[in-house]
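Given next are the chains, with one letter for each unit.
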Amino acid sequence: VTVAREIRAALDEGWIVPFYQPKVSLKTGAVVGFEALARWRHPTRGLLSPAAFASVFDDAEIGAALGFSIAEQVARDIRNWVSRGFDPGRIFVNLSTAQFAEEDLAGRLLAILSEAEVEVARFGVEVTETVLIGGQGERVAQTLERLHAAGVRVALDDFGTGYASLTHLKRFPVDEIKIDRSFVNDLTHDANDAAIVTAVLQLGRSLGLDVTAEGIETPEQAAFLQAGGCTFAQGYLYGKPVAGSRVPWILARAA
Ligand code: G
Ligand code: G
Ligand code: MN
Ligand code: NA
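Computed from a predicted structure; not experimentally measured. (Residues numbered from 1 in each chain as written. Chains lettered and ligands numbered in written order. Predicted model: local features only at pLDDT ≥ 70, side-chain atom pairs only at ≥ 80, totals over all residues. Heavy atoms only, no water.)

### A word on the nonpolar core
Judged by nonpolar contacts, the single largest core of 73 residues is most densely connected at Ile16, Val74, Leu109, Val125, Leu144, Ile177 and Leu225. Residue contributions to this core peak at nine residues, all from helix 2 (residues 63–83). For Leu225, the contacting residues outside a window of four places in its chain are Leu26, Val184, Leu187, Val197, Leu201, Ala213, Ile216 and Cys230. (Core = buried A, V, L, I, M, F, W, Y, C linked by side-chain atoms within 4.5 Å. Buried < 20%, exposed > 50% of the residue type's maximum accessible area, 1.4 Å probe, protein only. Helix = DSSP H or I, 4+ residues; strand = E, 2+ residues; numbered from the N terminus. Contact = heavy atoms within 4.5 Å.)

So this is what it looks like as structure tokens:
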């Protein structure tokens, strides 16, 4: 069987699930939300990250199905946590180019939320620059405008690694930029990375955008980012992606 068919079967049987990585406020230290990251509970190979199957998100046939399945599961998880009295903050899902082939992507996502009785304020989307330049610029812009207007936050993922990043901030309704972890990795040892991160933080401030730094692993990295005014942080220092069933424990611990 091809990987795509194997994944289709896994998806239909519920073996591809969202894990959740906490996002914290660098001002208060509180957990303000999570990023949903797909994981494949593989029968023989264990828990697989999309590093092992990422290309599938862009597969025309099942990429969209995969993305919508993750969004549906996320909406159900949010509903479940909230109904049990937990406040998970805002949960972001990653959108793929394949999902933008869907004519009414915004409508579908908003319907998923309303069917699960989840407030729009609890949901956000992450798009990479690759998605923005994916050749359907007008549709992407309209879709993001509609989501943004409805109250869904839009985060620009992997900021700085793509082309024409600054143009994208003008053309698309971006609420937040995420500094790619390749810039954070050596932040405290590499003057160029430090300069780039500082510039992105200043840019965020000037444009009134929140900035999330990804891939924070050390207190030194966190201190640098906090001093530079970075809004939010994600990384192994705060927590790895965990199963949905673990999320209430993280919230209970943070409270
Ligand atoms: O979680 P991990 O480091 O394994 O993720 C690897 C890559 O797969 C990251 O770039 C991440 O954004 C992407 N990814 C994870 N989950 C999803 C998803 O649900 N949809 C899309 N489009 N990409 C995802
Ligand atoms: O491209 P995107 O930002 O969506 O990718 C997120 C990916 O980064 C996930 O696969 C997640 O597992 C991984 N990740 C998150 N935090 C860290 C970290 O602190 N260190 C490393 N090495 N990877 C991380
Ligand atoms: Mn992401
Ligand atoms: Na990223």
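### Examining the packing of aromatic side chains
Evaluation of the coordinates by the stated rule reveals two aromatic pairs. On the basis of an interplanar angle of 85 degrees and a centroid distance of 6.5 Å, the ring pair of Tyr20 and Phe34 is categorised as edge-to-face. With Tyr20 in strand 1 (residues 16–25) and Phe34 in strand 2 (residues 31–42), this residue pair connects regions lying 14 residues apart in the sequence. By the burial criterion, Tyr20 is buried, and Phe34 matches it. Between Tyr20 and Trp81, the ring centres sit 4.9 Å apart and the planes meet at 75 degrees, which makes this aromatic pair edge-to-face. Taken together, the residues Tyr20 in strand 1 and Trp81 in helix 2 connect sequence positions 61 residues apart. We note that Tyr20, like Trp81, is buried. Here a set of aromatic residues connected by ring pairs shows up, and it is made of Tyr20, Phe34 and Trp81. One Lys or Arg, Arg108, reaches over the ring of Phe68 and ends 3.8 Å from the middle of that ring. Sitting above the plane of the Tyr236 ring, Lys240 keeps its charged end 4.7 Å from the centroid. (Phe/Tyr/Trp six-rings, centres within 6.5 Å; stacked < 30°, edge-to-face > 60°. Lys NZ or Arg CZ within 6 Å of the ring centre and 35° of its normal.)

### Here's the deal with the site of ligand 1
As a matter of local geometry, ligand 1 sits amid Leu37, Ala38, Arg39, Ser49, Pro50, Phe57, Ile70, Asn94, Leu95 and Ser96. Ala38 places a main-chain nitrogen or oxygen 2.9 Å from a nitrogen atom of ligand 1. The separation between an oxygen atom of ligand 1 and a polar side-chain atom of Ser49 is 2.4 Å. At three residues, the largest contribution of residues to the shell around ligand 1 is made by strand 2. (Near = heavy atom within 4 Å. Polar contact = N/O pair within 3.5 Å; in protein donor to acceptor, adjacent residues only side chain to side chain.)

### Examining the coordination of the manganese ion (ligand 3)
Surrounding the manganese ion (ligand 3) are the protein donor atoms Glu35 (OE), Asn94 (OD1), Glu126 (OE) and Asp157 (OD), which sit 2.1 to 2.5 Å from the metal. Summarised as a motif, the one-chain spacing of the donors to the manganese ion (ligand 3) is E-x58-N-x31-E-x30-D. A gap of 4.4 Å separates the manganese ion (ligand 3) and the sodium ion (ligand 4), which Asp157 links by coordinating each metal. Remark: Asp157 occurs in strand 6 (residues 153–159) and Glu126 occurs in strand 5 (residues 123–128); sequence separation between them is 31 residues. Asp157 matches Glu126 in its accessibility class, with the two residues each being buried. (Donors = N, O, S within 2.8 Å, 3.2 Å for Na, K, Ca; no water.)

### Remarks on the pairing of strand 6
Most of strand 6 is tucked away, with five of its seven residues classed as buried. Sheet topology note: the strand 5/strand 6 ladder contains five bridges and is parallel. Bridging across to strand 6, Thr128 finds its partner in Asp157. Pairing analysis gives three bridges linking strand 6 to strand 7 (residues 176–179), with the strands arranged parallel. (Pairing = 2+ DSSP bridges.)

### Digging into the side chain of Asp193
With respect to the element layout, Asp193 can be found in helix 8 (residues 191–207). No salt bridge is formed by the buried Asp193; the nearest opposite charge belongs to Arg181, separated by 12 Å. When sequence neighbours within four positions are dropped, the list of residues in contact with Asp193 reads Ser182, Phe183, Asp186 and Leu187. (Lys, Arg positive; Asp, Glu negative; His and termini not counted. Salt bridge = Lys/Arg side-chain N within 4 Å of Asp/Glu carboxyl O.)

### Focus on the coordination of the sodium ion (ligand 4)
Within the protein, Asp157 (OD), Asp158 (OD), Glu214 (OE) and Glu214 (OE) serve as the donor atoms for the sodium ion (ligand 4), at 2.1 to 2.5 Å. When its relative accessible area of 5% is taken as the criterion, Asp157 is described as buried. Relative accessible area serves as the criterion here: at 10%, Glu214 is assigned to the buried category.

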